[in-house]
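A structural walkthrough
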Amino acid sequence: MAKENTFDIVSQVDLQEVNNAVNQALKELQTRFDFKGSKSGITYDGEQITLVGDDEFKLKNVVDILEAKMVKRGINLKALRYGKIEPSARDTVRQRVNLVQGVDKELAKVITKLVKESKLKVQATIQNDQVRISGKNRDDLQEIMKIIKGHEFNIPLQFINYRTF
């Protein structure tokens, strides 16, 4: 009997690395000369990052610092969803940043459509916030990985759980 090979397509962000990046960005904000006496800051509650700046220019600098630390920690910036800039207390401005976790239903449908259009002998199954690809031939699965990597998505995708049954 032929063996079945599978892998999962997911979008995950390492929350510990996000926490580390936020802490490093906060340290830089506290030590930088241009932020002395500023009310700028960053808070992270495990799900959402809140950026605060004295004005939009300072907020943009806070975003730049945070993004630099995220890239250094290996976090794809496509995983960040920026909200609108809104006025906040003490004459500051605030911006919320959400982290993308999981493949939503619409994107999962696009991925399964790409798999079907490839005409390879593999199946794509949507499972909650991930897509499972299965097939008998490992080369077909690797070809699907190439197709998915070659297509531009607005979130970072990872391939995990590569298994043979």
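Residues numbered from 1 in each chain as written. Predicted model: local features only at pLDDT ≥ 70, side-chain atom pairs only at ≥ 80, totals over all residues. Heavy atoms only, no water.

1. Some remarks on the overall build of the chain
- Each helix and strand in the chain was counted, giving four helices and nine strands.
- What you see for the chain is a C-alpha radius of gyration of 20 Å, clearly larger than the 15 Å of a compact globule of 165 residues, by over 25%.
- When the backbone C-alpha atoms are referred to their principal axes, the chain occupies close to 70 × 25 × 25 Å.
- A total of 165 residues make up the chain; the buried ones form 38% of that total.
- Across the chain, contacts joining residues at least 24 apart in sequence account for 61% of those joining residues at least 6 apart.
- Summed over its atoms, the accessible surface of the chain is roughly 9,900 Å², and 49% of this surface lies on carbon and sulfur atoms. (Helix = DSSP H or I, 4+ residues; strand = E, 2+ residues; numbered from the N terminus. Rg over C-alpha atoms; globule rule 2.2 N^0.38 Å. Buried < 20%, exposed > 50% of the residue type's maximum accessible area, 1.4 Å probe, protein only. Contact = heavy atoms within 4.5 Å. Areas by Shrake-Rupley, 256 points an atom, 1.4 Å probe, with all protein chains shown as cover.)

2. Points about helix α2 (residues 56–72)
- In this model, α2 (17 residues) spans 24 Å end to end at C-alpha, consistent with the 24 Å of a helix rising 1.5 Å per residue.
- The elements touched by buried residues of α2 are α1 (15–31), β2 (41–44), β3 (48–53), β4 (80–82) and β6 (92–99).
- At the C-terminal side of α2, Gly-74 shows a positive phi close to 85 degrees. (Expected span 1.5 Å × (residues − 1).)

3. Observations regarding the sheet that holds strand β8 (residues 130–135)
- A sheet is described by the order of its strands in space; here four strands give the open sequence β7-β8-β1-β9, paired in antiparallel fashion. In this open sheet, the two strands that pair with only one neighbour each are β7 (122–127) and β9 (158–164). Going across the sheet, the axis of each strand differs from the next one's by a mean of 20 degrees, ignoring polarity.
- Note: β7 against β8, six bridges, orientation antiparallel. Looking at the pairing, Ala-124 lines up with Ile-133 of β8. (Pairing = 2+ DSSP bridges. Axes fitted to C-alpha atoms, helices over the stretch in contact; angles between N-to-C directions.)

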